[in-house]
Amino acid sequence: WEFNGSFHQPSAFLMLGIPGLEALHPWISIPFCALYLTALLGNCMILFIIRKTQSLHEPMYYFLCMLAVTDLGLALCTLPTTLGLFWFNLRRIGFDACLTQMYFIHILSFIESSVLLAMAFDRFIAISRPLRHPSILTKATVTKIGLAIVLRGMVSLLPIPFLLKRLTYCGKTELSHSFCFHPDIMNLACADIKVNVFYGMIILLSTVGMDFIFIVLSYILIIKTIVSLATKEECLKALNTCVSHICAVLVFFIPMIGLSMIHRFGKNVPPLVNTLVAYTYLLIPPALNPIIYSIKSSHIREALLRALRRKSG
């Protein structure tokens, strides 16, 4: 422990892996390695294909690039501590290092939420105003949206590390996961955490919560537009362009909402459930998103096949 002014800060926290299955961590690391490898290779492949294929230089795929970069960041944020714990039983993480990891995990999560909203807006414009779509979402507009998304995440979460540093920590230093998460760190404090709880809830509702509401509203408008189309074939074709995005939204938001509810209200939830939901939230979207888009997007699939043929030839 380090004494700092009138409050105590631990020099480090201790991370946990899978509760009750510590002896099996080396074996459990195998599916985790597979997920990390899929996330890293899949998202790099998406970025490479879009960069090299001129026909994919349009708003939908620019937003997909943002999603891939965000997913790469999320995977890289948790990979060192998770595999370090599973392979070498490295449980210790410094206090400041923990706050830094937590800050970037939350920023990237908020950015992913905002990118999914931007992609929903892109689909709405493409379906409801197909002729004006290129003039509304120009390259400059997409760049400004991307910068606004990053700035919003950075600014809204900037107070969180300072709110955690002002708390007094005494006694328990074990985190519930192999990474640092704001509610997890906050609950280790033996001081009044009402400010942290209130600020965290307000930020979560005003960013991720609002993003989810606007995504739902976008799809209500998209469905209204699709229903007004003349033929069934046109309806199905328009709806098919949204399937991969809908899957990405569900894969991201369901575990995130579940984890937030567990940390705030699930005092009696078994630790194993908490851990599994947390890993699902941080590992499954980065691994599944490139697979979803590679399967559902014929343009990406064709570009990938062309690239493979060139290499084999």
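As recorded by an unreviewed UniProt entry, the protein chain carries the name Olfactory receptor and is attributed to Cephalopterus ornatus. Regarding the protein chain, the relevant UniProt record gives this comment under Sequence similarities (unreviewed entry): "Belongs to the G-protein coupled receptor 1 family."

J.: Sorry, what's going on with the overall build of the protein chain here?
T.: A count of helical and extended segments in the protein chain gives 12 helices and 4 strands. Whereas a compact globule of 313 residues would reach a radius of gyration of roughly 20 Å, the protein chain reaches 21 Å, a difference of no more than 12%. In terms of overall dimensions, the protein chain has a C-alpha envelope of 65 × 45 × 35 Å along the principal axes. Within the span of the protein chain, comprising 313 residues, buried residues form 48% of the whole. In the protein chain, the share of contacts with a sequence separation of at least 24, taken over all contacts with a separation of at least 6, comes to 80%.

J.: Could you clarify how one ought to interpret the packing of helix 3 (residues 95-128) against helix 5 (residues 139-157) in this entry?
T.: Any two packed helices are characterised by the angle at which their axes cross and by the distance between the axes. Running from N to C, helix 3 and helix 5 cross one another at 145 degrees; their axes reach a closest spacing of 9 Å. Crossing geometry of helix 3 relative to helix 5 is assigned as right-handed. Here Y103, H106, I107, F110, I111, S114, V115 and A118 of helix 3 come into contact with helix 5, specifically with I145, I149, V150, R152, G153, M154, S156 and L157. Across the contact of helix 3 with helix 5, the residue classes tally to 11 nonpolar, 4 polar and 1 charged.

J.: Explanation requested: the UniProt feature "transmembrane region" (unreviewed entry) in the protein chain in the structure shown.
T.: According to UniProt, the positions carrying the feature "transmembrane region" (unreviewed entry) are residues 24-49, 61-88, 100-121, 142-164, 197-222, 243-264 and 276-295. For residues 24-49, the helix share is 96%, the strand share is 0%, and the end-to-end C-alpha distance is 38 Å. Structurally, residues 61-88 comprises 100% helix and 0% strand, and the distance from its first C-alpha atom to its last is 39 Å.

J.: I keep staring at the side chain of H182 and nothing clicks. Help me out?
T.: Inspection of the secondary structure assignment puts H182 in helix 7 (residues 182-186). Apart from the residues within four sequence positions on either side, H182 is in contact with M102, H106, I160, L164, N196 and G200.

J.: Would you mind showing me how to read the state of the cysteines here?
T.: The bond known as a disulfide is covalent and runs between the sulfur atoms of two cysteines. For the structure shown, the criterion picks out 1 disulfide. Two residues, C98 and C180, share a disulfide whose sulfurs are 1.9 Å apart. The disulfide joining C98 to C180 has a torsion of about -120 degrees about its S-S bond and is therefore left-handed. Highlighted residues: C98 in helix 3 and C180 in the loop between helix 6 (159-165) and helix 7, separated in sequence by 82 residues. For the pair shown, C98 and C180 are each scored as buried. Distance from the sulfur of C44, which forms no disulfide, to the nearest cysteine sulfur (C65) is 12 Å.

J.: It is not clear to me how the confidence of the model for the protein chain should be interpreted in this structure. Could you clarify?
T.: Close inspection of predicted coordinates is inappropriate in any region flagged by low pLDDT. Across the protein chain, pLDDT averages 89, with 96% of residues at or above 70. The low-confidence segment residues 1-6, where pLDDT is below 50, has 11 contacts with residues more than four positions distant or belonging to other chains.

Conventions we followed
Residues numbered from 1 in each chain as written. Predicted model: local features only at pLDDT ≥ 70, side-chain atom pairs only at ≥ 80, totals over all residues. Heavy atoms only, no water. UniProt positions renumbered as here; feature names shortened; annotations may be inferred. Helix = DSSP H or I, 4+ residues; strand = E, 2+ residues; numbered from the N terminus. Rg over C-alpha atoms; globule rule 2.2 N^0.38 Å. Buried < 20%, exposed > 50% of the residue type's maximum accessible area, 1.4 Å probe, protein only. Contact = heavy atoms within 4.5 Å. Axes fitted to C-alpha atoms, helices over the stretch in contact; angles between N-to-C directions. Left-handed = near helix turned anticlockwise from the far one by under 90°. Nonpolar A, V, L, I, M, F, W, Y, C, P; charged D, E, K, R; others polar. Disulfide = S-S within 2.5 Å. pLDDT = per-residue confidence, 0-100.

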